[in-house]
Amino acid sequence: QEPSRPKNLAALGPNIRSAFWQPRAAGPWLLGMEAFTGDIATTTLDPNELDELSADEAEADDDVTSPQATARREDDDVRESLIAPRFNAWFAKLPIKSLQDTTRREKVKELFAGLKIINHLTDGDSSMRSLTVDFQLGGLRWHYVQTSHADVGSTVWALAANGSEMEAVPNMEVRLELEGHKSADGRGVVGCKHFARGAGGEQERRYVDEQAFTDRLGTETMSKLGTCRPLLQLFGVICADPGAPLAYAAALPFDLPAAVLAVPET
């Protein structure tokens, strides 16, 4: 007499199912019963139903969230939990006394609505941290890098390129690049180098390539913004490292109040 078929075969996986049992038309079991101990459970499922169940299991495996989807979701979380609270705090302080103010605010809201965070990555240790942000704004792709040393008041030294001398390096450095834009010195469209106690001398500076904004974002956009200041502040809202010491806020090239950068995540 043919033994009864095991119950819950679906949970055993397709390879084990095929080894355990074949339909009645195929004859007896492929494995001897002496290979198993304990009670044998039964199932009333038809073989075709088992095949359908296997297909459902495969589809369920395909539905598992991919690493890429997880990364996109995390970047969306950055936008909503970190950047949006900053934006709201900053936007609430923008002037609204004239028609130009209203036009500026509407353009800023339009730009922010189209913001897409592609990557938001931090790295470093107890002495220094680095933030990289890739994002789309105004239909253009931007790349931001900020390095910040934990010690804001002491000169930071590193081995010079010649390998025989020590040189002062920035306590905090920022660079914003615009895809497709090539500056003469390769420094990007916005940036700064900040040294403690003026150790950098002439290197201590901030720079902005306003012409690049006009060339790539368009004269209409810049006309509605009035000046590049609200655009720089928007970059600060999006990019400034929330984990860097607030003492660097005044040195950043965004002209953004420290109170905005200090807005906690939600």
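In what follows, the structure referred to is the one given above.
Scoring rules and cut-offs
Residues numbered from 1 in each chain as written. Predicted model: local features only at pLDDT ≥ 70, side-chain atom pairs only at ≥ 80, totals over all residues. Heavy atoms only, no water. Helix = DSSP H or I, 4+ residues; strand = E, 2+ residues; numbered from the N terminus. Buried < 20%, exposed > 50% of the residue type's maximum accessible area, 1.4 Å probe, protein only. Contact = heavy atoms within 4.5 Å. Areas by Shrake-Rupley, 256 points an atom, 1.4 Å probe, with all protein chains shown as cover. Phe/Tyr/Trp six-rings, centres within 6.5 Å; stacked < 30°, edge-to-face > 60°. Core = buried A, V, L, I, M, F, W, Y, C linked by side-chain atoms within 4.5 Å. Expected span 1.5 Å × (residues − 1). Arc of directions from axis to C-beta. Patch = residues over 30% accessible without salt bridge, like charges linked within 9 Å, V, L, I, M, F, W, Y side chains within 5 Å. Salt bridge = Lys/Arg side-chain N within 4 Å of Asp/Glu carboxyl O. Pairing = 2+ DSSP bridges. Axes fitted to C-alpha atoms, helices over the stretch in contact; angles between N-to-C directions.

This part covers the overall build of the protein chain. Scanning the protein chain from N- to C-terminus turns up 8 helices and 8 strands. Split into buried and exposed, the 266 residues of the protein chain put 36% on the buried side. A separation threshold of at least 6 residues defines the contact pool for the protein chain, and within that pool the share at least 24 residues apart is 54%. For the protein chain, the exposed surface amounts to about 15,500 Å²; the carbon and sulfur share of it is 50%.

Not every positive phi belongs to a glycine, and aspartate 255 is a case in point at roughly 55 degrees. Here aspartate 255 shows up in the loop between helix H7 (229–239) and helix H8 (258–261).

This paragraph deals with the packing of aromatic side chains. Using the criterion set out here, one finds 9 aromatic pairs in the structure. Geometrically, the ring pair formed by phenylalanine 87 and tryptophan 90 is edge-to-face, given 5.8 Å between the ring centres and 65 degrees between the ring planes. Here tryptophan 90 and phenylalanine 87 lie together in helix H3 (residues 67–91), a separation of 3 residues that amounts to about one turn. This pair shows no difference in class: phenylalanine 87 is buried, exactly as tryptophan 90 is. When the ring of phenylalanine 135 is compared with that of tryptophan 142, the centres are 6.4 Å apart and the planes differ by 10 degrees; the resulting orientation is stacked.

This part is about the side chain of histidine 194. One can find histidine 194 in strand S7 (residues 190–194). Overall, the relative accessible area of 18% leaves histidine 194 in the buried class.

Counting residues in hydrophobic clusters, the biggest one holds 49 residues, and the most contacted among them are Phe135, Trp142, Tyr144, Phe213 and Phe235. When residues no more than four places from it in sequence are discounted, the contact partners of phenylalanine 235 are Phe135, Leu137, Trp142, Leu176, Phe213, Ala240 and Phe254.

Turning our attention to helix H4 (residues 99–113). Taking 1.5 Å per residue as the helical rise, H4 with its 15 residues ought to reach 21 Å, and the 21 Å between its terminal C-alpha atoms agrees with that figure. Regarding H4, the residues found buried are Asp101, Arg104, Arg105, Lys107, Val108, Leu111 and Phe112. Here the buried residues of H4 occupy an arc of 165 degrees about the axis, which is enough to place them on one side. In this structure, H4 carries Leu99, Glu106 and Ala113 as exposed residues pointing more than 90 degrees from its buried face.

Moving on, we get to helix H5 (residues 210–217). Each α-helix turn comprises 3.6 residues. Residues three or four places apart therefore point the same way. All of the buried residues along H5 are Ala212, Phe213 and Leu217. All buried residues of H5 lie within an arc of 100 degrees about the axis, which places them on one face of the element.

What follows deals with a nonpolar patch on the surface. Together, Trp157, Leu159 and Met166 give the surface a local cluster of nonpolar side chains, amounting to about 370 Å² of exposed area. With respect to the helices, strands and loops of the structure, methionine 166 is situated in strand S5 (residues 166–169). Owing to a relative accessible area of 51%, methionine 166 belongs among the exposed residues under this scheme.

Another aspect to go through is the sheet that holds strand S8 (residues 205–208). An order of S1-S2-S3-S6-S7-S8 is seen for the 6 strands of this open sheet, with the pairing classed as antiparallel. Looking at strand neighbours, the two that pair on one side only are strand S1 (116–124) and S8, the edges of this open sheet. Neighbour to neighbour, the strand axes of the sheet diverge by 10 degrees on average, direction disregarded. Note that strand S2 (residues 128–137) and strand S3 (residues 140–149) share 10 bridges and pair antiparallel. In the sheet register, glutamine 136 faces S3, and the bridge partner there is arginine 141. In the packing of H5 onto the sheet, contacts are made with S2, S3, strand S6 (172–178), S7 and S8, and the angle to S3 comes to roughly 150 degrees. The strands touched by H7 are S1, S2, S3, S6, S7 and S8; relative to S2, the strand with the most contacts, the crossing angle is about 120 degrees.

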